[in-house]
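Here's the letter readout for the chains.
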Amino acid sequence: MARVLVTGGLGFIGSNLVRELRNRGHDVWLCDLRHSEDPKSVRCDVSVFRQVERLFEPQGFDYVYHAAAEYGRWKGEDYYENLWMTNAVGTKNIIRMQERKVYCAKSL
């Protein structure tokens, strides 16, 4: 059984992924901007590195599925700042945190 994090875990893709991974017996945590009653849910804005750091620190995730994203033509045209922050900066933050965890694991 693996410990898994799914970002955007309350969205269409993320929620289905969470359900499938749990059905397969994995310990699945999710993060999203929205609040959830799920005990393994954490509110987190992936575009804010400090929040991503706080998400990763107490947990040792074996796998991370990054499904947090803004999408759609109207959002891209009318709210491009939000799209940029979540999609580009959020992805960078998730990658940087995973790199940090790999380096820490290798140095032990």
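Note: the structure precedes this text.
Cut-off values and rules
- Each chain has its residues counted from 1, following the order in which its sequence is written.
- Local features in this predicted model are restricted to residues of pLDDT 70 or higher, and side-chain atom pairs are both shown and tallied only at a pLDDT of 80 or more, whereas totals for entire chains, interfaces and linings draw on every residue.
- To obtain the side-chain values, all non-hydrogen atoms of the structure were used and water was disregarded.
- Numbering of helices and strands runs from the N terminus, with a helix taken as a DSSP run of H or I at least four residues long and a strand as a DSSP run of E at least two residues long.
- Helices are assigned an expected span. That span is 1.5 Å times one less than the residue count.
- Burial classes follow relative accessibility: with a 1.4 Å probe on protein chains only, a residue under 20% of its type's maximum area counts as buried, one over 50% as exposed, and anything between as partly exposed.
- What the arc measures is the spread of directions leading from the helix axis to the C-beta atoms.
- Any two residues whose heavy atoms approach within 4.5 Å at even a single point are treated as in contact.
- DSSP bridges decide pairing: two strands pair if at least two such bridges lie between them.
- Here a crossover is taken to be right-handed if, once the strands point away from the viewer, the path from the first strand over the helix to the second is traced clockwise.

Caption draft 1: Fine view of helix α1 (residues 12-23). Taking 1.5 Å per residue as the helical rise, α1 with its 12 residues ought to reach 16 Å, and the 17 Å between its terminal C-alpha atoms agrees with that figure. Among the residues of α1, those classed as buried are Gly-14, Val-18 and Leu-21. Down the axis, α1 shows its buried residues gathered within 75 degrees of arc, on one side only. Those residues of α1 that are exposed and angled more than 90 degrees off the buried face are Phe-12, Ile-13 and Asn-23. Turning to α1, the residues buried within the fold contact β1 (3-7), β2 (27-32) and β4 (63-66). Following α1 by one or two positions, Gly-25 has its phi on the positive side, about 95 degrees.

Caption draft 2: Layout of the pairing of β1. Most of β1 is tucked away, with 4 of its 5 residues classed as buried. With 5 bridges joining them, β1 and β2 adopt parallel strand pairing. Pairing of Val-4 across the sheet is with Val-28, part of β2. A crossover links β1 with its parallel partner β2, the connecting element being α1, and its sense is right-handed.

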